[in-house]
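Okay, here's what each chain looks like letter by letter:
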Amino acid sequence: PDARFVRYNGRPDSRMNTTFGFFDSAEAAVVALPALEAAEWPAVYVSLNPVTPSLIARASNQIKPASRKSTSTSDHDVERRTALLIDLDPVRPSGISSTDEEHAAALARATEVRGRLCELGWPEPIVADSGNGAHLVYRLDLPADDGGLVKDFLVVLADAFDDKRVHIDKTVFNAARIVKLWGTAARKGDSTPDRPHRMSKLLSVPAEWNLVTEEMLRETTAALRSAPKTAAKPPAARVGSFDVRDFIARHF
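Residues numbered from 1 in each chain as written. Predicted model: local features only at pLDDT ≥ 70, side-chain atom pairs only at ≥ 80, totals over all residues. Heavy atoms only, no water.

K.L.:
Please explain helix 2 (residues 100–119) as it appears in this structure.
P.N.:
Two residues of an α-helix separated by three or four positions point the same way, owing to the 3.6 residues in each turn. Relative to the 28 Å expected for 20 residues at 1.5 Å per residue, helix 2 spans 29 Å between its end C-alpha atoms, a close match to the ideal helical length. Downstream of helix 2 by a residue or two, G121 has a phi angle that is positive, lying close to 95°. (Helix = DSSP H or I, 4+ residues; strand = E, 2+ residues; numbered from the N terminus. Expected span 1.5 Å × (residues − 1).)

Printed below as a string of structure tokens:
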């Protein structure tokens, strides 16, 4: 979104526009990305769940400027839910990057959430640094229309872990949800010494990305809803054990 100076056919376009493409080849996507290298944009996103293959005809393995007639990917275009995104963002004014302290708080909170879900029997997720906060991504296999199951889960998870420092985004439940393309920069606002632009990146990928079943999702939602909310402990309060993931999250 809001991209300028993207190189379409080798020539930079000075107009601000949404730039988009559909890809069925990872190699083609990598080849297309250099068109954005010298461009101005706040972030690059990809769809989280697979979409109807026929949509590739809108922009086949290439990046194009959107027009008024261009249609974005809707929930109806998603075939199945294959991934669940937990997006942890530090509390701050909108449109700006996070400070190092805010960034570290979100990464540390992701460790807390991952640990709690692990206690409830969940497998290891993909863990990513969004550039301003943290992502946990779990594998699913659900219909695109899940009857509000993912939405309910995110609401109770946020109720359990939100505080004045870090919030879990409750709005990322829809099937056509987009997520930061890890390996690209997060450029909210101007880059300043205390609120710098950062690269998003993968922090850990499990050797086996095991499935979170519908039953597990329902049982966890019920367990979190019935459990009393406890304030998340700050990282400095940890005693008695050394958590490697927590250490990495807090010290980058």
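Next comes the rest of the account.
K.L.:
Looking at this model, I keep getting lost on the confidence of the model for the protein. Mind explaining?
P.N.:
It should be kept in mind that the predicted coordinates are not to be read in detail where pLDDT is low. Chain-level statistics for the protein give a pLDDT mean of 90 and a share of 92% at 70 or above. The model gives residues 234–239 a pLDDT under 50, and that stretch makes six contacts with residues more than four places away or in other chains. (pLDDT = per-residue confidence, 0-100. Contact = heavy atoms within 4.5 Å.)

K.L.:
What is the right way to look at the pattern of salt bridges in this model?
P.N.:
A pair can form between side chains of opposite charge whenever their charged atoms are brought close. Going through the model one piece at a time under the given rule, you end up with 10 salt bridges. Of the charged contacts in the structure, one is a salt bridge between D89 and R92, with a shortest N-O distance of 3.4 Å. Given a relative accessible area of 25%, D89 falls into the partly exposed group. Note that E124 and R114 form a salt bridge whose closest N and O atoms lie 3.3 Å from each other. With a gap of 10 residues between them, E124 in the loop between helix 2 and strand 7 (126–129) and R114 in helix 2 connect regions that are remote in the sequence. Residue classification places E124 among the partly exposed residues on the basis of a relative accessible area of 26%. (Salt bridge = Lys/Arg side-chain N within 4 Å of Asp/Glu carboxyl O. Buried < 20%, exposed > 50% of the residue type's maximum accessible area, 1.4 Å probe, protein only.)

K.L.:
It is not clear to me how the packing of aromatic side chains should be interpreted in this structure. Could you clarify?
P.N.:
Geometry of an aromatic ring pair is reported as the spacing of the ring centres plus the angle between the planes. Per the stated rule, a full pass over the model turns up three aromatic pairs. Seen in terms of ring centroids, W122 and F153 are 5.2 Å apart; in terms of plane orientation they differ by 20°. Their pairing is stacked. Residue W122 is located in the loop between helix 2 and strand 7, and its partner F153 is located in helix 3 (residues 149–161); the two are separated by 31 residues in the primary sequence. The class of W122 is buried, set by a relative accessible area of 3%. Taken together, the ring pairs connect W122, Y138 and F153 into an aromatic cluster. Note that R187 overlies the ring of W41, its terminal NZ or CZ placed 3.8 Å from the centroid. (Phe/Tyr/Trp six-rings, centres within 6.5 Å; stacked < 30°, edge-to-face > 60°. Lys NZ or Arg CZ within 6 Å of the ring centre and 35° of its normal.)

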